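# Summary of structural features
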Amino acid sequence: MSKRMLFCVTAMAFSLCSFHAQAKEGFPLHIAVEFTDHAASAYIAQRMEWFEAEGIKPTFFSYISGMSLVSALGRGNIQAAYMCLLPAINARANASLAIKIVAGTHKHGYGLAVNADKVRTVKDLERADIRIGAVQAGGPVDAILLKTIQKYGLDRRKVLDRVRRMTPPMQIMAIRMGKLDAAFSPEHWLAMAEEAGFNILLSSQDVWPDMQGSVLLVKEDLIRNHPDIVRKLVAITGKATTWIKQNPEEAASVMAAQLHVAGDKVFPIEAAETTAKLAISPKAVRRSMGRLEYTIDIDPKGVQEAIDFAVRQGYIRKAFNANDILDLRFSQ
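Residues numbered from 1 in each chain as written. Predicted model: local features only at pLDDT ≥ 70, side-chain atom pairs only at ≥ 80, totals over all residues. Heavy atoms only, no water.

### Topic: the pairing of strand S1 (residues 27-34)
- Counting buried positions along S1 gives six out of eight residues, so the element sits mostly inside the fold.
- One ladder, built from eight bridges, connects S1 with strand S2 (residues 56-63); its direction is parallel. Counterpart to Ala-32 in the pairing with S2 is Phe-61.
- Bridge count between S1 and strand S3 (residues 80-84): three bridges; the pairing is parallel. (Buried < 20%, exposed > 50% of the residue type's maximum accessible area, 1.4 Å probe, protein only. Helix = DSSP H or I, 4+ residues; strand = E, 2+ residues; numbered from the N terminus. Pairing = 2+ DSSP bridges.)

### Considerations on the packing of aromatic side chains
- Evaluated as defined, the whole model comprises four aromatic pairs.
- Measuring from centroid to centroid gives 5.3 Å for Trp-208 and Phe-309, while their planes differ by 50°, and the two rings are tilted. Here Phe-309 lies in helix H16 (residues 300-312) and Trp-208 lies in the loop between helix H10 (204-207) and strand S10 (212-219), a separation of 101 residues in the sequence.
- Overall, Phe-309 belongs to the buried group, its relative accessible area being 2%.
- With a centroid separation of 6.0 Å and 75° between ring planes, the pair formed by Phe-309 and Tyr-315 is classed as edge-to-face. (Phe/Tyr/Trp six-rings, centres within 6.5 Å; stacked < 30°, edge-to-face > 60°.)

### Remarks on the packing of helix H5 (residues 85-94) against H16
- Orientation of H5 relative to H16, taken along the N-to-C sense of each, is 65°, at an axis distance of 10 Å. Relative to H16, the element H5 is oriented roughly perpendicular. Considering only the axes of H5 and H16, their crossing is right-handed. On H16, the residues that touch Leu-85, Leu-86 and Ile-89 of H5 are Val-303, Ala-306, Ile-307 and Ala-310.
- Of the residues assigned to the contact of H5 with H16, the class counts are seven nonpolar, no polar and no charged. (Axes fitted to C-alpha atoms, helices over the stretch in contact; angles between N-to-C directions. Parallel < 35°, antiparallel > 145°, perpendicular 65-115°, else oblique. Left-handed = near helix turned anticlockwise from the far one by under 90°. Contact = heavy atoms within 4.5 Å. Nonpolar A, V, L, I, M, F, W, Y, C, P; charged D, E, K, R; others polar.)

### What about the pattern of salt bridges?
- Within this structure, the stated rule accounts for 13 salt bridges.
- Here the salt bridges share partners, and the residues they tie into one network are Glu-187, Glu-194, Arg-287 and Arg-291. (Salt bridge = Lys/Arg side-chain N within 4 Å of Asp/Glu carboxyl O.)

### Some remarks on the confidence of the model for the chain
- Looking at the chain as a whole, its pLDDT mean stands at 89, while 88% of the residues score no less than 70.
- Taken as a whole, residues 1-23 scores under 50 in pLDDT and shows two contacts with residues more than four places along the chain or in a different chain. (pLDDT = per-residue confidence, 0-100.)

### Some points on helix H8 (residues 168-176)
- Residues Pro-168, Pro-169, Gln-171, Ile-172, Ala-174 and Ile-175 constitute the buried set of H8.
- Downstream of H8 by a residue or two, Gly-178 has a phi angle that is positive, lying close to 75°.

### With respect to the environment of Gln-212
- With respect to the helices and strands, Gln-212 occurs in strand S10.
- Sequence separation between Gln-212 and Ile-298 is 86 residues, and the spatial gap between their C-alpha atoms is 7.4 Å.
- Those residues in contact with Gln-212, other than ones at most four positions away along the chain, are Leu-85, Gly-104, Thr-105, His-106, Lys-107, Asp-297 and Ile-298.
- Here the side chain of Gln-212 touches Ser-214 through a polar contact of 2.9 Å, landing on its backbone oxygen. (Polar contact = N/O pair within 3.5 Å; in protein donor to acceptor, adjacent residues only side chain to side chain.)

Have a look at this one:
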């Protein structure tokens, strides 16, 4: 055998071995998730090692909110994300990110928790002595705040002038220290507000019927280059969603453990220390998850409604067609 032929055979053998090694190790995938039970399907699948069973080697990055996750999407290392719909719309419209929503993950999951001794009706939010907490503007929690003002005919300026913008864990700390009377927040943080002595005054179902909560999205280049991985992601999400519905108590226990373990690994870094101090019981997680409708189904009309709402509120500058951000062939 000539030296040239020997070199070629050796190179081919090395390449083949490398291919089999990569296949055995799994396809490396960086996935961003919100640090809430909104992303239960991702956390459950991670715990059950269903990604690995499908030949995917996931690395998870947890973010305190969908709005903080948007910045992560701009980096090249994040290929997929489980996040709320409105921040995904912001990422597509304002940051011009090449992303596609390939499935839903749940509907609803937002609301208002209050100190019942001070806030007995929604109208009380107008009072000058009521201290209101809400997360960053532009996301679904802010949308529920604005929808509440609209539906109940509240004075927009009276309410918004007293809103203190803070992360969900900071809201819980403020509630515990007696520095908030009302908090607009996502689940599971609403359930934690309950554990801190607050009552749920209203939910997203009360002000935005059929609200699409979170979605599974991927970068467009992942669809182009690895459509099989996208299809597996959707299938895994669907499998986890079914398991959650069939095993609600066990799912709550798994999520309580996952949220506790991930608490010191949350981004941005400044939120990690506060989050790590907070724990939630399986009972509270079960109550929280019961207020969400876990489903991978997603209605394009609901997505369009969210896009149009984002334009009206100034979250994004220009409307676009829902089909520009949707690619539902993997979930059908």
